[in-house]
Amino acid sequence: MRVIHPFPALSVNPRILSFISSKSRLGPRLWNIKNTPTASHRPNPRYQSTSIAIEMEKVSTTARLAELRKLMSEHKVDVYIIPSEDSHSSEYIAPSDARRAFISGFTGSAGCAVVTHDKAALATDGRYFNQAAKQLDENWVLLKQGLQDVPTWQEWSADEAADGKVVGVDPTLVTSGTAKKLSEKIKKSGGKELAPVEENLVDKVWGTDRPPQPNEPVIVLSDKFAGKDVKTKLADLRKELEKKKSLGFVVSMLDEIAWLFNLRGNDIPYNPVFLSYAIVTADEATLYINSSKLDSRCQSYLADNGVAIKPYEDIFGDAKALSQSATVKKAEDTSDNRKFLISNRASWALKRALGGEDMVEEIRSPIGDAKAVKNETELEGMRACHIRDGAALIEYFAWLEDQLTAKKATIDEVEAADKLEALRAKQKDFVGLSFSTISSTGPNAAVIHYKPEPGSCATIDPNAVYLCDSGAQYLDGTTDTTRTLHFGEPTEAEIEAYTLVLKGNIALDRAVFPKGTTGFALDGLARQFLWQQGLDYRHGTGHGVGSYLNVHEGPIGIGTRIQFTEVALSPGNVISDEPGYYEDGSFGIRIENIIMVKEVQTKHKFGDKPYLGFEHVTMVPYCRKLIDSSLLTDVEKAWLNDYSADIWNKTKGYFENDELTTAWLKRETQPF
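Residues numbered from 1 in each chain as written. Predicted model: local features only at pLDDT ≥ 70, side-chain atom pairs only at ≥ 80, totals over all residues. Heavy atoms only, no water.

Caption draft 1: Region of the structure containing the sheet that holds strand β3 (residues 120-124). With mixed pairing, the six strands of this open sheet are ordered in space as β4-β3-β2-β1-β5-β6. Strands at the two margins of the open sheet, each flanked by one partner only, are β4 (141-144) and β6 (193-196). Geometrically, the sheet is characterised by an average inter-axis angle of 25 degrees between neighbouring strands, direction not taken into account. Examined bridge by bridge, strand β2 (residues 112-116) and β3 share four bridges and lie antiparallel to one another. Opposite Ala113, over in β3, you have Leu122 as the bridge partner. Seen against the sheet, helix α2 (residues 62-74) touches β1 (79-83), β2 and β3 and runs at an angle of roughly 65 degrees to β2. In the packing of helix α5 (residues 153-160) onto the sheet, the strands contacted are β1, β2, β3, β4 and β5 (166-169), and the crossing angle to β2 comes to about 10 degrees. (Pairing = 2+ DSSP bridges. Helix = DSSP H or I, 4+ residues; strand = E, 2+ residues; numbered from the N terminus. Axes fitted to C-alpha atoms, helices over the stretch in contact; angles between N-to-C directions. Contact = heavy atoms within 4.5 Å.)

Okay, structure coming up:
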């Protein structure tokens, strides 16, 4: 597994050091390319053949499943669930928490494994259907979530529990809400119960081969980047707790803890967070963390802000003690109905430790809501870092085109990604990548979350579509940009697909909507032109983005998920705009900009409501040769020309002594 550790405590990816120092129907398309080894770190190359993406390695899971089933028998469990998440419901996890990947062989970021004594199922969504089909061995059945007549993993688990069987799960790895709904399904199907299994059985199978828990140092994020100090954030949170008449808030989401205390870490690849919990009451704040991660400055900083430090593993014992103390007080004062608050993404184990339903109320996290609305300092940081990041991408695309077309160089997907990382590393306040770069050529671009691996990735074909989805962490913000390019002569089908996707990208960017509108309501704007041709894509249109935090940030988003109906978009939200189209075995198109919600002036204000729109901050040109301008309206062309001029004006200064990049940028930003 190619893991790049992107934050200050760790060194730069060694592979980039050398770069630092030196109108038709869409249909299938066939192509040929050889993947030739170009450096000593490219052992055992595989060869690309007609229309088949690079084969992903399968891992034999037979022995692992046999050992797991023995442990299931010992614990009297008939069905065992292995989620993707860690104890903090993280999307990205530390290698030591990759239990589902270990037991199944499937390495995508989303999914759930379920094992019985004679079956094993892996459920994942449309982003990963292709990848899962390639990685799962013969022991597994793939549950394609979202497709008609395919059961969810919860339904599959409940069906397998019929006739009084027990379903087990590590209670730290599922939310209380998930556990409650699953328990109801199990009993309805005739199962006995959902049992919390305190000892993680996959960890037992993994044994000494399991990577150690991360223990990277934590840093203080200056107020000049955070824009709001810790005391103010704690005061704001306590006001919310007072409104809800609560006993306190137990914080379990890692990015919420990092944001609340203006700290950043390096425990999770690509996400500047650290393993921790926190408890905030009316008069106390406690951070649960391995103290060896905190240097003297961090410890003094926390003390100055009234934050106590306790060992990470003390959280469950302290939660039980708090619950017991509160129970005693309630017995003395029967009018006291206060409860502890936890996020609706907190674990079942945490809720149990706090006393369950009688003592706990689950809510959407007030910290998550506050974090999603960036302050002026964070918004300005987003603008600034996207210009620098755009400059790196522009230089990269100019370099890549020159290498492939003029110099006829052989470059594979990983080498290209490493070059891009090296160019980003030269930018001011660069910290690391915000996720593993998706550098994909030809049919690999049709794998939505494709991840190139050294030794088995494809050589970039200049006569095929190239999709690059990448991002970086800077002290002043987080970036995420996707551009699809072609360095040769694209087909009519590729041009048509790209232009339809571009029109959707522009339509969302230009949207004006009343305050109170959700991302769920806006999703169709980006899909409408594809829909008109009977086309679509199997992923959301937009996700929230953190400020030098997680590249995927809730609670907002643009898509069809039910949670996107819950929170309206607000000024200060930062979100992605990324429609796409993917033709399996042929090519993929995705265009992604980062946009920020702002209030806009309209001629009228129906209902006395403010109206909102977007400001785009991504500064990278679109691929001109993939645009069919005859499919664009005059309004779309005017928008495109204004955007191109903005990119030129904001980034040209980075290339004053770089004729190659300047020429590429000038060509790609010419008006239509």
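Caption draft 2: Representation of unusual backbone geometry within the structure. Cis geometry is adopted by the peptide bond preceding Pro555, which originates at Gly554 and carries an omega value of 0 degrees. As for its position among the elements, Pro555 is in strand β23 (residues 553-558). Positive phi, normally seen in glycine, also occurs at Asp163, with a value near 70 degrees. Structurally, Asp163 is set in the loop between α5 and β5. Asp163 gets classed as exposed once you look at its relative accessible area, which sits at 75%. (Buried < 20%, exposed > 50% of the residue type's maximum accessible area, 1.4 Å probe, protein only.)

Caption draft 3: Structural view of α5. Of all the residues in α5, the buried ones are Trp153, Trp156, Ser157, Ala158 and Glu160. Where α5 is buried, its residues touch β1, β2, β3, β4, β5 and α6 (176-188).

Caption draft 4: Looking closely at the packing of aromatic side chains. Summed over all chains, the structure comprises 16 aromatic pairs. Relative to Trp399, the ring of Tyr396 has its centre 6.3 Å away and its plane inclined at 25 degrees; by these criteria the two rings are stacked. Of this pair, Tyr396 and Trp399 both sit in helix α15 (residues 376-406), three residues apart, which is roughly one turn of the helix. Judged by its relative accessible area of 0%, Tyr396 is buried. In this structure an aromatic cluster arises from ring pairing among Tyr396, Phe397, Trp399 and Trp664. For the cation-ring pair, Arg352 lies above Trp348, with the distance from its terminal atom to the ring centre recorded as 5.6 Å. Positioned above the aromatic ring of Phe529 is the side chain of Lys503, whose terminal nitrogen or guanidinium carbon lies 4.6 Å from the ring centre. (Phe/Tyr/Trp six-rings, centres within 6.5 Å; stacked < 30°, edge-to-face > 60°. Lys NZ or Arg CZ within 6 Å of the ring centre and 35° of its normal.)

Caption draft 5: Spatial organisation of the nonpolar core. If you look at the biggest cluster of nonpolar residues, it comprises 61 residues, and the most contacted ones within it are Tyr396, Phe397, Leu400, Tyr466, Tyr498, Leu502 and Tyr622. At eleven residues, α15 tops the list of elements feeding residues into this core. (Core = buried A, V, L, I, M, F, W, Y, C linked by side-chain atoms within 4.5 Å.)

Caption draft 6: Structural detail: the sheet that holds strand β10 (residues 277-280). As summarised here, the arrangement of the six strands in space is β12-β11-β10-β8-β13-β14, forming an open sheet in which the pairing is mixed. In this open sheet, the two edge strands, each paired with only one partner strand, are β12 (307-310) and β14 (360-363). Pairwise comparison of adjacent strand axes, ignoring direction, gives a mean angle of 25 degrees for this sheet. By the bridge criterion, four bridges tie β10 to strand β11 (residues 285-288) in an arrangement that is antiparallel. Within the sheet, the bridge partner assigned to Ala278 lies in β11 and is Leu287.

Caption draft 7: Just the environment of Phe614, in detail. If you trace the backbone, Phe614 turns up in strand β28 (residues 611-616). Residues Phe614 and Val597, spaced 17 residues apart in sequence, show a C-alpha to C-alpha distance of 4.6 Å. Apart from the residues lying within four places of it in its own chain, the contact partners of Phe614 are Leu508, Asp509, Ala511, Phe513, Leu522, Leu569, Ile575, Ile595, Met596, Val597 and Lys598.

Caption draft 8: Spatial organisation of the side chain of Arg100. Tracing the backbone through its elements, the reader meets Arg100 in helix α3 (residues 99-104). For the buried Arg100, no salt bridge exists, and the shortest N-O distance to an oppositely charged side chain is 7.5 Å, to Glu85. (Lys, Arg positive; Asp, Glu negative; His and termini not counted. Salt bridge = Lys/Arg side-chain N within 4 Å of Asp/Glu carboxyl O.)

Caption draft 9: Local environment of the side chain of Thr541. Here Thr541 shows up in the loop between α18 (519-531) and β22 (542-544). Of note is the side chain of Thr541, whose polar atom sits 2.6 Å from the side chain of Asp523. If we skip the residues at most four places from it in the chain, Thr541 touches Leu508, Asp523, Ala526, Arg527, Ile558, Gly559, Ser576, Asp577 and Glu578. (Polar contact = N/O pair within 3.5 Å; in protein donor to acceptor, adjacent residues only side chain to side chain.)

Caption draft 10: The arrangement of the pattern of salt bridges in detail. In total, this model carries 35 salt bridges according to the counting rule given. Between Arg352 and Glu198 there is a salt bridge whose closest N-O contact spans 3.7 Å. Taken together, the residues span a long stretch of sequence, with Arg352 in helix α13 (residues 348-353) and Glu198 in the loop between β6 and α7 (201-206) at a distance of 154 residues. The class of Glu198 is exposed, set by a relative accessible area of 56%. With its nearest N and O atoms 2.9 Å apart, the salt bridge here joins Arg667 to Glu401. Here Arg667, found in helix α20 (residues 659-668), pairs with Glu401, found in helix α15; they are 266 residues apart in sequence, far enough to count as distant. The exposure class of Arg667 is partly exposed, given its relative accessible area of 38%.

Caption draft 11: The arrangement of the environment of Lys407 in detail. By secondary structure assignment, the location of Lys407 is in the loop between α15 and α16 (413-425). At 2.5 Å, the side chain of Lys407 and the side chain of Asp402 are in polar contact.

Caption draft 12: Highlighting the pairing of β6. Examined bridge by bridge, β5 and β6 share four bridges and lie parallel to one another. Of the residues in β6, the one forming a bridge with Gly168 is Ala195. In terms of handedness, the path from β5 via α6 over to β6 forms a crossover that is right-handed. (Right-handed = clockwise from strand over helix to strand, strands pointing away.)

Caption draft 13: Just the packing of α15 against α16, in detail. Here α15 crosses α16 at 140 degrees, and the two axes come no closer than 9 Å. It follows from the interaxial angle that α15 and α16 lie oblique. Here the hand of the crossing between α15 and α16 comes out right-handed. Within the contact between the two elements, α15 uses Asp389, Ala392, Leu393, Glu395, Tyr396, Trp399 and Leu400 and α16 uses Ala416, Ala417, Lys419, Leu420, Leu423 and Arg424. (Parallel < 35°, antiparallel > 145°, perpendicular 65-115°, else oblique. Left-handed = near helix turned anticlockwise from the far one by under 90°.)

Interpretation in functional terms is not warranted from these geometric data alone.
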